[in-house]
Amino acid sequence: MFWTSEKRVEKSGESVAERVAGDAEGLYRSGKMHCAEAVLVALRNAFAPEVSEDVVRMAAGFGGGSGTGCICGAVSAATMALGMLLPGEKKRVSALTRELHHWFKAEYSATCCKVILQNHGKPCPELTGKVAGKVAEMLAS
């Protein structure tokens, strides 16, 4: 298994969830990655750096709601990350995915990229960080 349930705290007092959130948001803001790639890279770097970068490349099509404005790319990548970080734990992955979707809908009213953009402007940089941080937080609990 790539992740243990122990809570890790950085030397600066910043939690791993805060660090992952900041990393994901920064990657998105750099313009080098879209939401899905940034979420997956930040989570991979924090919890499973030994996983091939090929996994991250698999998220290329998920940005912008899979190119059509459907499900948020950050949510899609977060779901991928749960499977990557919890191999062989399908029930836990399913439960955490449900928890993530419920949390996200409470925050943004929908998981549809088009709806989020209509209702919230362009929250993508912050949203990307929040989603990555939420997954890190869920893994630590």
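You'll find the structure just up there.
Residues numbered from 1 in each chain as written. Predicted model: local features only at pLDDT ≥ 70, side-chain atom pairs only at ≥ 80, totals over all residues. Heavy atoms only, no water.

A. Highlighting the packing of helix α2 (residues 35–47) against helix α5 (residues 73–85). Look at α2 against α5: their axes get within 7 Å of each other, and the N-to-C directions meet at 25°. When the interaxial angle is binned, α2 and α5 end up roughly parallel. Crossing handedness for the pair α2 and α5: right-handed. Counted together, C35, A36, V39, L40, L43, R44 and F47 of α2 and G73, A74, A77, A78, M80, A81, M84 and L85 of α5 form the full contact between these two elements. Looking at the contact of α2 with α5 residue by residue, the classes come out as 13 nonpolar, 1 polar and 1 charged. (Axes fitted to C-alpha atoms, helices over the stretch in contact; angles between N-to-C directions. Helix = DSSP H or I, 4+ residues; strand = E, 2+ residues; numbered from the N terminus. Parallel < 35°, antiparallel > 145°, perpendicular 65-115°, else oblique. Left-handed = near helix turned anticlockwise from the far one by under 90°. Contact = heavy atoms within 4.5 Å. Nonpolar A, V, L, I, M, F, W, Y, C, P; charged D, E, K, R; others polar.)

B. Summary view of the state of the cysteines. In the structure shown here, the tally under the stated rule is 0 disulfides. Summary of cysteine pairing: C70 is not part of a disulfide, and the nearest cysteine sulfur, belonging to C112, is at 5.9 Å. Under the relative-accessibility criterion, C70 is labelled partly exposed at 44%. Between C72, a cysteine without a disulfide, and C35, which holds the nearest cysteine sulfur, the sulfur-to-sulfur distance is 5.2 Å. Overall, C72 belongs to the buried group, its relative accessible area being 4%. (Disulfide = S-S within 2.5 Å. Buried < 20%, exposed > 50% of the residue type's maximum accessible area, 1.4 Å probe, protein only.)

C. How the structure looks around the packing of aromatic side chains. For the structure shown, the criterion picks out 2 aromatic pairs. With a centroid separation of 4.9 Å and 40° between ring planes, the pair formed by F104 and Y108 is classed as tilted. Of the two residues, F104 and Y108 are both situated in helix α6 (residues 90–108); the distance of 4 residues between them amounts to about one turn of the helix. For the pair F104 and Y108, a shared accessibility class is recorded, and that class is buried. (Phe/Tyr/Trp six-rings, centres within 6.5 Å; stacked < 30°, edge-to-face > 60°.)

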